[in-house]
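Chain and residue survey
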Amino acid sequence: MKNLTIALDVMGGDKGPLITISSAIMAIEQQANLHLILCGDENIILAELKKQTFSKHPRLSIFPTTEVVEMTDKPSLALRYKKNSSMRKAVDLVHQGKAQACVSAGNTGALFAIAHFVLKTLPGVERPALITSLPTHRQDKHVFMLDLGANVFCDATVLYQFAVMGSVLAEQVDGLKHPKVALLNMGEEEIKGSDHIKLAASELTANPEVNYIGFVEGSDIFTNKADVIVCDGFVGNVALKTCEGVARLVYEKAKVFFNQSFFARLLGKLLTPALKKLLKSLNPDQYNGASLIGLRGIVVKSHGNANAKAFYTAIMEAVKEVERQVPEKIKAKLEQGLLPKP
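1. Digging into the pairing of strand S10 (residues 290-293)
Residues Ala290 and Leu292 point to one face of S10 and Ser291 and Ile293 to the other, with burial holding for every one of them. Here strand S5 (residues 129-135) runs beside S10; their pairing, made up of 3 bridges, is antiparallel. Residue pairing across strands places Ala129 opposite Ile293, the latter belonging to S10. Of the pairings in the sheet, the one linking S10 to strand S11 (residues 298-301) comprises 2 bridges and is antiparallel in character. Each residue of the ladder has a partner; that of Ala290, found in S11, is Lys301. Here S10 folds back onto S11, and the loop between the two strands holds 4 residues, one of which, Gly294, carries a positive phi near 105°.

2. Things to note about the nonpolar core
Counting residues in each nonpolar core, the largest one holds 37 residues, and the members touching the most others are Ala7, Met145, Ile229, Leu292 and Val299. Those elements that place two or more of their residues in this core are strand S2 (34-40), helix H4 (86-95), helix H5 (108-119), S5, strand S6 (142-146), strand S7 (180-184), helix H8 (233-257) and S10. Sorting elements by how many residues they give to this core places H5 first, with 7 residues. Once residues within four sequence positions are removed from consideration, Leu292 is found in contact with Leu111, Phe112, Ala115, Ala129, Leu130, Ala150 and Val299. Residues Leu146, Cys154, Tyr160 and Val230 belong to the second largest nonpolar core, which totals 33 residues.

3. A short note on the side chain of Asp220
Position of Asp220 relative to the elements: it lies in the loop between strand S8 (211-216) and strand S9 (228-230). Asp220 gets classed as buried once you look at its relative accessible area, which sits at 9%. Excluding its chain neighbours within four sequence positions, the residues that come into contact with Asp220 are Glu188 and Lys225.

4. So, the sheet that holds strand S4 (residues 101-104)
Strand order in the open sheet formed by 11 strands is S3-S2-S1-S4-S11-S10-S5-S6-S9-S7-S8, with mixed pairing between adjacent strands. On the outer flanks of this sheet lie strand S3 (60-64) and S8, each paired with one strand and no other. Averaged over all adjacent pairs, the angle separating strand axes in this sheet is 25°, with direction ignored. Here S5 pairs with S6 via 5 bridges, running antiparallel. Along S6, the bridge assignment pairs Ser133 with Phe144.

5. Topic: the confidence of the model for the protein chain
Reading fine detail from the predicted coordinates is not recommended where pLDDT is low. Confidence in the prediction of the protein chain, expressed as mean pLDDT, is 87, and 92% of residues score 70 or more. Per-element mean pLDDT across the protein chain ranges from 69 in helix H9 (residues 262-282) up to 97 in H4.

6. Topic: the pattern of salt bridges
Overall, the coordinates contain 8 salt bridges when judged by the stated rule. Of the charged contacts, one joins Glu48 and Lys51 as a salt bridge, the two residues approaching to 3.5 Å between their closest N and O atoms. On the criterion of helical spacing, the pair formed by Glu48 and Lys51 is a turn pair, its members being 3 residues apart in helix H2 (residues 42-51). Between Asp220 and Lys225 there is a salt bridge whose closest N-O contact spans 3.6 Å.

7. So, H2
All buried positions along H2 are accounted for by Ile45, Glu48 and Leu49. Along the axis of H2, the buried residues cluster in a sector spanning 100°; they form a single face. The exposed residues of H2 that point more than 90 degrees off its buried face are Asn43, Lys50 and Lys51. In the core, the buried residues of H2 are packed alongside helix H1 (17-30), S2 and S3.

8. What to know about the packing of aromatic side chains
This structure, assessed with the given rule, holds 0 aromatic pairs. For Lys120, the ring lying beneath its charged end belongs to Phe117, and the centroid distance is 4.6 Å.

9. Details of helix H7 (residues 195-205)
Among all positions of H7, only His196, Ile197, Ala200, Ala201 and Leu204 are buried. With its buried residues spanning 145° around the axis, H7 presents them on a single face. In this structure, H7 carries Asp195 and Thr205 as exposed residues pointing more than 90 degrees from its buried face. Its buried side turned inward, H7 meets helix H6 (156-174), S7 and S8.

10. Let's talk about the side chain of Ser104
In this structure, Ser104 sits in strand S4. Among the polar contacts made by the side chain of Ser104, one reaches the side chain of Asp9 at a distance of 2.7 Å. Filtering out sequence-adjacent residues up to four positions away, Ser104 remains in contact with Asp9, Met87, Leu111, Val300, Lys301, Ser302 and Phe311.

How each quantity is defined
- Residues numbered from 1 in each chain as written.
- Predicted model: local features only at pLDDT ≥ 70, side-chain atom pairs only at ≥ 80, totals over all residues.
- Heavy atoms only, no water.
- Buried < 20%, exposed > 50% of the residue type's maximum accessible area, 1.4 Å probe, protein only.
- Helix = DSSP H or I, 4+ residues; strand = E, 2+ residues; numbered from the N terminus.
- Pairing = 2+ DSSP bridges.
- Core = buried A, V, L, I, M, F, W, Y, C linked by side-chain atoms within 4.5 Å.
- Contact = heavy atoms within 4.5 Å.
- Axes fitted to C-alpha atoms, helices over the stretch in contact; angles between N-to-C directions.
- pLDDT = per-residue confidence, 0-100.
- Salt bridge = Lys/Arg side-chain N within 4 Å of Asp/Glu carboxyl O.
- Arc of directions from axis to C-beta.
- Phe/Tyr/Trp six-rings, centres within 6.5 Å; stacked < 30°, edge-to-face > 60°.
- Lys NZ or Arg CZ within 6 Å of the ring centre and 35° of its normal.
- Polar contact = N/O pair within 3.5 Å; in protein donor to acceptor, adjacent residues only side chain to side chain.

Encoded structure:
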């Protein structure tokens, strides 16, 4: 695709321009047709670009802003009072057609509120959802999971919509034909779960365009049983944070084990190459970049504590979704009548 333009919330995240500008430079060096609009404090951006000898790159431009959405800001207040923030302007540029996507590592709630208000949802979609990919047992496969926290409670219709949208994303981003879609539940049996989950299952079963395979449990998230796993934002966020915590626990336990004795340290040295390869495959940086799917535009959310490599991955996720025209493909599904009207 020619003239691909993405707006970056440079000031967002725990480290702001120190990370986001380094990632922007990595992205334009790797993507020859990419133009990035850096939204944020002009003086800070210019100083950082000068430090990295990229102050006059033709595919980097600056959109000056005077405000920053802090991680502690309430979403409603950020939406109402910080209209000249780097986050708001990055989303505005997508709405105005001056950028095809935006990426932010800032306050998740504020980004959701701003993007929902400015871009609006696609026709037939009640709520956007936060979706990302996670590793599975297979080295060459991952699983998409939504919602990860944008919507605390979702009724049957919203879960149904999430399933269809997640299926479209998996088709377009991963090139999967008829991706396997499942609902996350407390058991695989049809009698288990809340009424709205059972109703969503019934609606998905009746839709031949969705390859619905039934319920999966939390232990099935990484087994490659499904390509898309659907749940409400409360369950999804708790599941994701639990997985991250278990990964850190295993890493810390391994460090303690391999320092217990001379033989354990020797074993650790022998296993170091294999362990490094394993940890690299599980590194969350390569899965960074959750999309707010269901909007009339592409918005990608990076981890707030992302390093330069991780934020670069989020930029590349936005590039991929622009190239695959994900919102347009979801809209086409809506026009085919595959989603019930709210």
